[in-house]
Amino acid sequence: CEITGASCLTFFEALDSEESQFKYVEEKFPLKLREPVARYLHFNTIRRLDGLVEKVYSNFKTDFFPGETVHLRRNKENMDSSTTSQQGTPQPSNLAPSDVSSPLTDSQPHYQRPYIIKEKVQFNAVINPNTKEVIAPGHAKYMLVEDEAPNSNTSNSSNKSFVADESQIYRDRSTFTKHLIKCFFKITLQRASTKMGGPWCVKPEYLQMYGLTMDWPAELLRFKDDEPTNDPTPSHEQSDNADSLSK
């Protein structure tokens, strides 16, 4: 199976395995997360697939995007772990008191109400111009609204909205795992060239979906495969061959 890497399978077993893994990724991997991850992967030079999985997992674990479904952290200790620059972020418990239940502990995995990210604002790091020391790290803030139930008659416009930062929200654990990321890679990625050290790239069938092109970055052109010539035979040899045939 190309996606899972499982061996000793018959053709039909491998086909069924690939189909089931493809459906698994389609069902679980967040739709709004796929394009940012694909853009990060396109022409990425990390050679080992496992290393790339680890990098994506660490980079996107606390990075969220508009349209994603997230949950609030109920543990107050997590709420208070924000940096100094983020202490002004309105707490969800203050902004939407009717929506926040009592704090949950790790031993009480109760259902967490889902919210939709409506907007995202990215703040750059604050750096001392003289010492170049980072005074406050870069961070993001998100506007959230309650996710509607399928049978709800209310609209998003009537739902309360509030602001949270990355330390206060998280994805459902089942939608962002290293196994899912690796399966997404196997479906989406291929080597951009046959040269040693060549980067990864998104497969041609997914380029338009994620708004990407095969325009190589200038710093990676040395890895690009040489363009094949239409006719490698020199013109004088063609003329000699034609004369020999006419005799």
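Residues numbered from 1 in each chain as written. Predicted model: local features only at pLDDT ≥ 70, side-chain atom pairs only at ≥ 80, totals over all residues. Heavy atoms only, no water.

Caption draft 1: Spotlight on the overall build of the protein. Of regular secondary structure, the protein possesses eight helices and nine strands. Counting only residues that meet the buried cut, the protein has 34% of its 247 residues in that class. Across the protein, contacts joining residues at least 24 apart in sequence account for 66% of those joining residues at least 6 apart. Accessible surface, the protein as shown: approximately 15700 Å² in total, 51% of it carbon and sulfur. (Helix = DSSP H or I, 4+ residues; strand = E, 2+ residues; numbered from the N terminus. Buried < 20%, exposed > 50% of the residue type's maximum accessible area, 1.4 Å probe, protein only. Contact = heavy atoms within 4.5 Å. Areas by Shrake-Rupley, 256 points an atom, 1.4 Å probe, with all protein chains shown as cover.)

Caption draft 2: Focus on the nonpolar core. Within the largest apolar cluster, 26 residues are counted, with the highest numbers of intra-cluster contacts made by F29, V37, L41, F184, F185 and V202. At the level of secondary structure, the elements contributing two or more residues to this core comprise α2 (31-41), α3 (49-60), α6 (178-188), β9 (200-202) and α7 (204-207). A per-element tally of this core places α6 first, with six residues. With residues up to four places along the chain from it excluded, the contact list for V202 reads A38, H42, T188, L189, L207, Y210 and L212. The next biggest cluster of nonpolar side chains, apart from the first, holds 11 residues, and it includes V70, I117, L144 and A164. (Core = buried A, V, L, I, M, F, W, Y, C linked by side-chain atoms within 4.5 Å.)

Caption draft 3: Expanded view of the pattern of salt bridges. Inspection of the entire model under this criterion finds nine salt bridges. One salt bridge in this structure joins R34 and E26, with 3.2 Å as the shortest N-O distance. Among the residues examined, E26 registers a relative accessible area of 44% and is labelled partly exposed. Of the charged contacts in the structure, one is a salt bridge between E146 and R113, with a shortest N-O distance of 3.7 Å. Of this pair, E146 sits in strand β5 (residues 139-146) while R113 sits in the loop between α5 (92-95) and β2 (114-123), and the two are 33 residues apart along the sequence. (Salt bridge = Lys/Arg side-chain N within 4 Å of Asp/Glu carboxyl O.)

Caption draft 4: Fine view of α3. If you check α3, its first and last C-alpha atoms are 16 Å apart, about what 12 residues at 1.5 Å a residue would give, namely 16 Å. Taken as a whole, α3 has its buried residues at L49, L52, V53, V56 and F60. Buried residues of α3, viewed axially, fall in a sector of 105°; they line one side. As for α3, its buried residues are in contact with α2, α6, β8 (189-191) and β9. (Expected span 1.5 Å × (residues − 1). Arc of directions from axis to C-beta.)

Caption draft 5: Seen up close, the side chain of N44. As for its position among the elements, N44 is in the loop between α2 and α3. In terms of polar contacts, N44 uses its side chain to reach the backbone carbonyl oxygen of Y40, at 3.2 Å. With sequence-adjacent residues up to four places away left out, N44 is seen in contact with L52, P199 and W200. (Polar contact = N/O pair within 3.5 Å; in protein donor to acceptor, adjacent residues only side chain to side chain.)

Caption draft 6: Summary view of unusual backbone geometry. Although it is not a glycine, F43 adopts a positive phi angle of roughly 60°. Residue placement: F43 occurs in the loop between α2 and α3. A relative accessible area of 10% places F43 in the buried class.

Caption draft 7: Highlighting the packing of α3 against α6. Between α3 and α6, the shortest axis-to-axis distance is 10 Å and the interhelical angle comes to 120°. In terms of orientation, α3 lies oblique with respect to α6. Considering the relative orientation of α3 and α6, their crossing is right-handed. Seen from α3, the contacting residues are L49, D50, L52, V53, E54, V56 and Y57; seen from α6, they are K178, I181, K182, F185 and K186. (Axes fitted to C-alpha atoms, helices over the stretch in contact; angles between N-to-C directions. Parallel < 35°, antiparallel > 145°, perpendicular 65-115°, else oblique. Left-handed = near helix turned anticlockwise from the far one by under 90°.)

Caption draft 8: Examining the confidence of the model for the protein more closely. Taken over all residues, the pLDDT of the protein has a mean of 76, while the share at 70 or more is 63%. When pLDDT is averaged over each helix and strand of the protein, the minimum, 44, is found for α5 and the maximum, 96, for β9. In the model, residues 77-111 has pLDDT below 50 throughout and makes 47 contacts with residues more than four positions away in sequence or in other chains. (pLDDT = per-residue confidence, 0-100.)

Caption draft 9: Inspection of the sheet that holds β2 at higher detail. In spatial order, the strands read β6-β5-β2-β1-β7; together these five strands make up an open sheet with antiparallel pairing. Unpaired on one side and paired on the other, β6 (161-165) and β7 (169-170) mark the two borders of the sheet. Here eight bridges tie β2 to β5, and the two strands are oriented antiparallel to one another. Bridging across to β5, V121 finds its partner in K141. (Pairing = 2+ DSSP bridges.)

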